[in-house]
Amino acid sequence: MTLLSFWRAHAGEFAALMGQHLMLVGLSTLVAIAAGVPLGILAAQRPRIGAPMVWFANVVQTIPSLAMFGFLLPLPLVGGLGARVAIIVLILYALLPIVRTTTAGLRSVDAVLVEAGTALGMTPWQLLRDVQLPLALPSIVAGIRVAAVIGVGTATIAAAVGAGGLGEYIFRGLSMVDATVILAGAVPAALLALAIDGALTLIERRVRAARRPPRALRLALIVAALLAFAGAAAGVRALGGSSGAIRVGSKNFTEQLILGELLAQTIESRTPLRVERRLNLAGTFILDRALRAGDIDIYVEYSGTAATAIFHDEVSGGRLEVLDRLRRHYADAGLTLMEPLGFENTFAMLVRGADARANGWRTLSDLAPRAPTLHAGFGYEFQQRKDGYAGLASTYGLRFAAPPSAMDLSLTYRALAEGQVDLIAGDATSGLIEAYDLVMLEDDRHYFPPYDAVPVARSAVLLAHPEIRDALGRLSGRISVADMRRMNHAVDAGHRDPAAVAREFLDIID
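Since the structure is predicted, the reported quantities are computational estimates derived from the model, not experimental observations. (Residues numbered from 1 in each chain as written. Predicted model: local features only at pLDDT ≥ 70, side-chain atom pairs only at ≥ 80, totals over all residues. Heavy atoms only, no water.)

Caption draft 1: Broad picture of the overall build of the protein. When its secondary structure is counted, the protein shows 24 helices and ten strands. Split into buried and exposed, the 510 residues of the protein put 54% on the buried side. Put simply, 77% of the contacts in the protein that link residues at least 6 apart link residues at least 24 apart. Surface exposure of the protein reaches about 22,700 Å², of which carbon and sulfur atoms provide 61%. (Helix = DSSP H or I, 4+ residues; strand = E, 2+ residues; numbered from the N terminus. Buried < 20%, exposed > 50% of the residue type's maximum accessible area, 1.4 Å probe, protein only. Contact = heavy atoms within 4.5 Å. Areas by Shrake-Rupley, 256 points an atom, 1.4 Å probe, with all protein chains shown as cover.)

Caption draft 2: Focus on the side chain of Asp-387. In this fold, Asp-387 is placed in the loop between α17 (380–384) and α18 (389–396). Classification of Asp-387 by relative accessible area gives buried; the value is 3%. Within the local environment of Asp-387, its side chain forms a polar contact with the side chain of Tyr-451, the two groups lying 2.6 Å apart. Setting aside residues no more than four positions away along its own chain, Asp-387 makes contact with Gly-304, Thr-305, Thr-308, Phe-347, Phe-382, Tyr-447, Phe-448, Pro-449 and Tyr-451. (Polar contact = N/O pair within 3.5 Å; in protein donor to acceptor, adjacent residues only side chain to side chain.)

Caption draft 3: Here's a closer look at helix α13 (residues 303–310). The buried fraction of α13 amounts to eight of the eight residues, a majority that puts the element mostly inside the structure. All of the buried residues along α13 are Ser-303, Gly-304, Thr-305, Ala-306, Ala-307, Thr-308, Ala-309 and Ile-310. Where α13 is buried, its residues touch α12 (284–293), β3 (298–302) and α14 (319–332). Positive phi appears at His-312, one or two residues downstream of α13, with a value of about 55°.

Caption draft 4: Representation of the pairing of strand β1 (residues 246–249) within the structure. Alternating positions in β1 separate into two faces, Ile-246 and Val-248 on one and Arg-247 and Gly-249 on the other, with burial throughout. Pairing of β1 with strand β2 (residues 275–278), which is carried by four bridges, proceeds in the parallel orientation. Paired with Gly-249 across the bridge in β2 is Arg-278. The β-α-β motif built from β1, the intervening helix α11 (residues 254–270) and the parallel element β2 has right-handed crossover chirality. (Pairing = 2+ DSSP bridges. Right-handed = clockwise from strand over helix to strand, strands pointing away.)

Caption draft 5: View of a nonpolar patch on the surface. Taken together, the side chains of Trp-55, Phe-56 and Val-59 present a nonpolar region at the surface, about 330 Å² in accessible area. Looking at the secondary structure, you find Val-59 in helix α3 (residues 47–62). The class for Val-59 is partly exposed, based on a relative accessible area of 31%. (Patch = residues over 30% accessible without salt bridge, like charges linked within 9 Å, V, L, I, M, F, W, Y side chains within 5 Å. Salt bridge = Lys/Arg side-chain N within 4 Å of Asp/Glu carboxyl O.)

Caption draft 6: The packing of aromatic side chains, seen in detail. For the structure on display, the rule yields eleven aromatic pairs. Ring centres of Trp-7 and Phe-14 lie 5.8 Å apart, and the angle between their planes is 45°; on these two criteria the pair is classed as tilted. (Phe/Tyr/Trp six-rings, centres within 6.5 Å; stacked < 30°, edge-to-face > 60°.)

Caption draft 7: Just the sheet that holds strand β6 (residues 376–379), in detail. The strand order across the open sheet formed by five strands is β7-β6-β8-β5-β9, and the pairing between neighbours is mixed. Each end of this open sheet is capped by a strand with a single partner; those strands are β7 (405–407) and β9 (438–441). Pairs of neighbouring strands in the sheet enclose a mean axial angle of 40°, with direction left out of account. Of the strand pairs in this sheet, strand β5 (residues 347–352) and β9 are connected by four bridges, and their pairing is antiparallel. When the bridges of β9 are listed, Leu-350 appears paired with Met-440. The sheet strands contacting helix α19 (residues 409–417) are β5, β6, β7, β8 (423–427) and β9, and the helix crosses β8 at an angle near 135°. (Axes fitted to C-alpha atoms, helices over the stretch in contact; angles between N-to-C directions.)

If you want it as structure tokens, here you go:
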């Protein structure tokens, strides 16, 4: 019942995300058909030429989808955030089943029929059009069915690179640790896959049972052409419809979703500009790359993260010195570091409250002697960053019995609360600290740098629209650690919508 209530409350958003998902799958599958069927014909009739193409399609299938998005993001023309890179990845994944089944279908045509057609004076093109393709059509449709179902599943991951679709709910639910939001995306994606599979299965059976295969072939081509036209129109709208909008990005955890909404709603309410939200993107490096490439225009970064992870600086001096150096670094890249929002979100080394009270742990130095008996779990980014696990372990002499488990940041809090791990690196402003009775250990050796939350924007956008700077000045210094923690708690523990929580805060500070 909760799931139905969520869909009713977000009916407009759900319809838009479903439309985006259908566009991604439909357009990519149609392009894959247009490329895969000719490649399959070539592979069947010219094996030496077709074999390398089939090999390439096989290699593509072995690459995990998230890794494929990562490979393509920095590339010119095909890369960048949004639907373009998602459609390219989906096309690559759809090619193999279509190429294989086309090749197999053509090779399965009885050689006697081909010889008979040749004896009747049919040209190779006539043989292909009137004999081989009609008989291979059921096999081709089966490959299209597999490709489309794969596309529905893979398209959910495309939300991590700002392509939209039902994956938006899945990633949002993971960041909020909210099963209802996860199911709001996962259930319709599964039903969509089943519906497409069922519809194409019926078409495949009708084609197999057709007494006049050429007519079935013509019908299939007409339907494909109509779908191609509709998919192309939707694709054009998706790829070019956001022109002129200010694109606000965010990382993929609760606080960033709220901050993204705060920026977006402030710009919408204080300027005549349209805003496109590209929230819940994969992480620091993708956001920074997207900002430099012009795929987004503004997002909130943390000063210590920018200094160590993006610019590889040795952080020294106070927070104002760090901010001054960052302004110069960003200016060299054509970007502007704006005024801090007012709060700092440092890494929080968290343990269960019961363990902290029983063992008298207040600082990381208190915990270090017990590290060999503990199991740590950290987010992927924390394990790789310069200001992350390696430096922390060296500073405090942390030696765990086994390497720390790597998991999504949003899942670490529940893993700690449920006893699956004993130490995590969370966020100091997380609402889950209170919800799960966790304790933040003091960084008594001052390992972590300052982490002021600061919007970073493309300088060209601020020059073209100075009203954005004026509007966002409303937020400068207005968000305290207590404010941020309350908003995070409302989303994480209260399962509130980040947009609604942000709107309420803006109403309060008006």
